[in-house]
Amino acid sequence: MTDLSRRLAALTPEQRKLLGRRLQPRTAREPAGAAAAGPPERQSLYFFASADAVPAPEYYRFVLDAARQADAAGLHAVWLPERHFVDFGGHSPNPAVLAAAVAVQTEQVQIRAGSVAAPLHHPARIAEDWSVVDNLSGGRAGISFASGWHPDDFVLARTDYAQRRETTMEIIDQVRSHWRGEKVSHPTTAGGTAAVRTGPTPVRRDMPVWLTSAGNSATFASAARAGIGVMTALLGQTMPQLRENIAHYREEWRRAGHPGEGDVVVMVHAYVSERTDLEDFLRPAMHGYLRAYRSQTTAPGEDETLLLESAYLNYLAGPSLLGPAAKAAAVLGQLREAGADEVGFLVDFGLPTADVLAALPALFACVPAESDR
């Protein structure tokens, strides 16, 4: 979106008119090749709704219903976001609370934060909250950590905004130490420091950890050097950029001397349907979602409708899971070939919750159940 905004701003009035004429309706098309590769090894549900699209009580019921469906269908995980003070993701200011509800409604599916904004929290509290989730779920908790998004969020922080990336890596180390039952020293306002051990004791000895990246190659490299996974999305990068970032991550992982190859999870917008009016059906929801996403960093302008339509049509025809099953299979194959280990189906981008729930079986039919693999 940021790059597209810059390109649009550079257009002359004549070029903008030409672009408007070229933005004719197009259907979701199947990318060439790739379908034979099969999907990434793991498939999950990813939640990140804009709070202005659905009332909170309805949204929480939807998340639990969808999580139960994912669990029954054999998907690998559900991912829950953290956002503050904005509509985008605004129904989930604390993913651990919603994760606890999911934990008692499901039996097998992994339950993950996607993400915890690390600088906004004390590491001991992160470990405590997610250890509760781990116990409620019987050992199914995991966290992707992020460095934070908006300066306004840092009214909740204990450290400086400019140091958020360094702070995040320090907090990850501290949370992992707490998780293993080690005592960790923290400063106290009573003076000096205190070495504390958190509780309850989690079920799983080591917590799965990822670092969230919007597409910045430096973040991929940081995760690789730290020996942790990456959670990313196609919202902020193209498929070729994703492929390059994953290759860079694997290279840095090997250079750091870690065993294995690491782990990469990719979030993708998903709605699988054969309906002939799909473009018109999805347009209001996707425009609203992209508008909420863009409003985090950019004020509305006179070209906003044109910009949103261009972005939407690119998603519809390009590397998203918006469209018929054949297109979804091809994009899943592209993701596997790019190196993704897991795909997170982002399903709550503004459609009525009943429509999303009704369409989940078609989405799940695109991939084998985990119990069958």
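Our subject is the structure that appears above.
Thresholds applied
Residues numbered from 1 in each chain as written. Predicted model: local features only at pLDDT ≥ 70, side-chain atom pairs only at ≥ 80, totals over all residues. Heavy atoms only, no water. Helix = DSSP H or I, 4+ residues; strand = E, 2+ residues; numbered from the N terminus. Contact = heavy atoms within 4.5 Å. Areas by Shrake-Rupley, 256 points an atom, 1.4 Å probe, with all protein chains shown as cover. 1 Å grid on protein atoms, 1.4 Å probe; cavity = no way out; pocket = protein on both sides within 12 Å on 5 of 7 lines; lining within 4 Å. Points joined across faces, edges and corners; volume = space filled by probe spheres on them. Buried < 20%, exposed > 50% of the residue type's maximum accessible area, 1.4 Å probe, protein only. Pairing = 2+ DSSP bridges. Axes fitted to C-alpha atoms, helices over the stretch in contact; angles between N-to-C directions. Parallel < 35°, antiparallel > 145°, perpendicular 65-115°, else oblique. Left-handed = near helix turned anticlockwise from the far one by under 90°. Nonpolar A, V, L, I, M, F, W, Y, C, P; charged D, E, K, R; others polar. Core = buried A, V, L, I, M, F, W, Y, C linked by side-chain atoms within 4.5 Å. Phe/Tyr/Trp six-rings, centres within 6.5 Å; stacked < 30°, edge-to-face > 60°. Lys NZ or Arg CZ within 6 Å of the ring centre and 35° of its normal.

Novice: I keep staring at the overall build of the chain and nothing clicks. Help me out?
Specialist: Broken down by element type, the chain carries 12 helices and 11 strands. Considering only contacts within the chain whose residues lie at least 6 apart along the sequence, 75% involve residues at least 24 apart. Of the roughly 16,100 Å² of accessible surface on the chain, 52% is carried by carbon and sulfur atoms.

Novice: Explain the layout of surface pockets to me, please; I cannot follow it from the model alone.
Specialist: If a probe as big as a water molecule is rolled over the atoms, it shows which places are left empty. The computed volume of the second largest pocket comes to approximately 200 Å³. Taken together, 14 residues make up the lining of the second largest pocket; nearest its centre are Arg176, Met207, Pro208, Val209 and Gly227. Among the secondary structure elements, those contributing two or more residues to the lining of the second largest pocket are helix 6 (164-179) and strand 7 (209-212).

Novice: Quick question: what am I supposed to make of the pairing of strand 11 (residues 342-346) here?
Specialist: On a regular strand, one side chain projects to one face of the sheet and the next to the other, so that they alternate. Taken across its 5 residues, strand 11 has 5 buried, putting it largely inside the fold. Here strand 11 shows two buried faces, one formed by Glu342, Gly344 and Leu346 and the other by Val343 and Phe345. The pairing of strand 9 (residues 264-272) with strand 11 spans 5 bridges and is classified as parallel. Bridge pairing in strand 11 links methionine 267 to glycine 344.

Novice: Any chance you could explain the packing of helix 5 (residues 123-137) against helix 6 here in plain terms?
Specialist: Close contact between helix 5 and helix 6 brings their axes to 9 Å; oriented N to C, the two are set at 50 degrees. With respect to helix 6, the element helix 5 is oriented oblique. Crossing of helix 5 against helix 6: the hand is right-handed. Between helix 5, through Pro123, Ala124, Ile126, Ala127, Trp130, Ser131 and Asp134, and helix 6, the contact on the second element is made entirely by Ile171, Gln174, Val175, His178 and Trp179. Considering only residue class, the contact of helix 5 with helix 6 consists of 8 nonpolar, 3 polar and 1 charged.

Novice: Help me out: how do you make sense of the nonpolar core in this one?
Specialist: The tendency in soluble globular proteins is for nonpolar side chains to be buried side by side. Formed by 101 residues in total, the largest nonpolar core has its most connected members in Leu45, Trp130, Leu335 and Phe345. No other element matches the 8 residues that strand 9 contributes to this core. In this structure, leucine 335 is in contact with Pro40, Leu234, Met239, Leu242, Val266, Val268, Ala340 and Val343, ignoring residues within four places of it in sequence.

Novice: I would appreciate a short explanation of the packing of aromatic side chains in the present structure.
Specialist: Each aromatic ring pair is described using two quantities: the centre-to-centre distance and the angle formed by the ring planes. Summed over all chains, the structure comprises 9 aromatic pairs. Plain terms: the ring middles of tryptophan 79 and tryptophan 210 are 5.1 Å apart, the flat faces sit at 70 degrees to each other, and that makes the pair edge-to-face. You can see tryptophan 79 sitting in strand 2 (residues 77-80) and its partner tryptophan 210 sitting in strand 7, a full 131 residues away along the chain. The exposure class of tryptophan 79 is buried, given its relative accessible area of 0%. Tryptophan 210 sits in the buried class, given a relative accessible area of 4%. An aromatic cluster is built from Tyr46, Phe48, Trp79 and Trp210, whose rings are joined through pairwise contacts. Taking NZ or CZ as reference, arginine 275 lies 3.9 Å from the ring centre of phenylalanine 281, over its face.

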